[in-house]
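# Results of the structural survey
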Amino acid sequence: MASMPQLTYIKPRQLEWREVTLPRLGSGKSALVKPLAVARCDLDFYIALGHYRTPGPFALGHEVVAEVVEIGDTVKGVVPGDQVIVPFQINCGECGNCRRGWTNACAAVPPCAAFGLGTNPDADFGGGFSDLMHVPFADAMLVKLPPQLSPAAACGLSDNVADGYRTVAKHLARFPGEAVLVAGGLAQSVGLYAVQAALACGASEVCYVDEDEQRLHQAAELGAGTQRVNYSETPRADADYLITVDAACTPAGTAYAIRSTAPCGFCTSVSGGLQAATELPLASAYLRGIHYEVSRVHARATLPQVLERSCRGNIDSLSIAEPCLTFANAREAMLEPATKLIFVRD
C-alpha cells in the first residue's frame, strides 16, 4: 500500500516524520489536496512542548494552503490544479450548526474534528506536513486562493488571522471608531492579528500590552500604542476600553483584560489557556455588566471576511512572520520560540 511521510507529534518535545498510508477519496463529496504552505499556529508551539491535553501520536499542521489533486464525482466548486485555502475545522456545510455559521461545531462529524490537532480520539484527520490531505467536504470547506495572495501569505488566514479578526470586527461594526485594548501573551500571533484587524476595521486607536519585548515592538510596527506590563503585578489598564481582547490567556492576563473592560463592554478571549480551569473576576464583571466571550473561531464562516481584507491589503499575515522555512525544517522549528513561522513545500 502506498505511503507518505507525515510530521507527527509523538510526545513532549518529540516530533517524527512517520510513514503513513496515503489517503484516498472517502466519498463523492471529498477531495485530495497537496499542501503547499503551512503556518505554525500559536497552539502548535505548545503542542510540541507537550502542554496540549491530547496525547500523541497525531499529525501536525492545520493552517494550510494546498493544490487540489483529485475530487469526488459530486464536487463542483474546485478542480484539480486549483490552489485552495483549507480551513482546519472539518465541517459539512449542511447541518444546522453549519447553516448558522457555527462551523467549529459541525454536527456531521465528531466534536472538535480538525486537521493537525489530534482532537478526535477515534481518528486522525491528517495534517499539513504531508504529501496529501483528505478533505471530506470539498465544496463546503475549500476556498480558492485569490491571485493577489501567495500560498505563504494565505495559509494562516483561516485560523490565527481569522481568530484575531473575529475578536474585534463585529464590535467595531456596532461601535465605529472605538478604541481597542489587546492583551498579548500565550496566543503570540493572534493578539497581533487582532491589532491589524482593529486598525483595518476603523478603531480610533489600539493599545497593545504584553510582557514580551519582541511582540511589543511588532505591535508598534503595526501602528498600535504599546505598554509593557506584568500581569501579575498590574491588575488593570489605566483606562477603560469598550472593546478588549484577551490573547494573554493566563489567569493574570485574562483578569487584566476583563478588569480593563468598560461597563457594559466586550471582552473576547481566544483561548481557555493551558490550565484545566481558570479563576475569573466574575463578581466585578457582573457588577460592571461585562460581556465576556471565550470560544474557538468559526474558521470557514469567518474566512471570507478575512480574505477580503487581505486582498485589499488591510491585513498582511506575513508582516509578523519570520522568513519562510521549508517543510524539511519543520520538525526542529516547531519547538523554537517565534511569533509566527511559515513553511513552504521544498
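Reference entry: report on the structure contained in this document.

Thresholds applied
Residues numbered from 1 in each chain as written. Predicted model: local features only at pLDDT ≥ 70, side-chain atom pairs only at ≥ 80, totals over all residues. Heavy atoms only, no water. Pairing = 2+ DSSP bridges. Helix = DSSP H or I, 4+ residues; strand = E, 2+ residues; numbered from the N terminus. Contact = heavy atoms within 4.5 Å. Expected span 1.5 Å × (residues − 1). Bend = angle between axes of the 7 residues up to and from the residue. Buried < 20%, exposed > 50% of the residue type's maximum accessible area, 1.4 Å probe, protein only.

Turning next to the sheet that holds strand β4 (residues 58-59). With respect to topology, three strands assemble into an open sheet ordered β2-β1-β4, the strand pairing being antiparallel. In this open sheet, the two strands that pair with only one neighbour each are β2 (14-21) and β4. Pairing between strand β1 (residues 3-11) and β4: two bridges, direction antiparallel. Bridged to Y9 within β4 is F58.

Let us now look at the environment of L142. When you line up the elements, L142 lands in the loop between α3 (138-141) and β8 (143-144). Each C-alpha atom of the pair L142 and R259 lies 40 Å from the other, and the pair is 117 residues apart in sequence. Those residues in contact with L142 that lie beyond four places of it in its chain are A31, V33, V68, V78, V84, I85, V86, V135 and R300.

The next thing to look at is helix α10 (residues 299-311). Note: α-helices contain 3.6 residues per turn, so residues at a spacing of three or four share the same orientation. A rise of 1.5 Å per residue sets the reference length of α10, with its 13 residues, at 18 Å; its end C-alpha atoms lie 18 Å apart and thus fit the reference within 8%. In α10, a bend of some 25° at Q305 exceeds every other bend along the element. Taken together, the buried positions of α10 are A299, T302, L303, V306, L307, R309 and S310. Positive phi shows up at G313, right after α10, with a value of about 85°.

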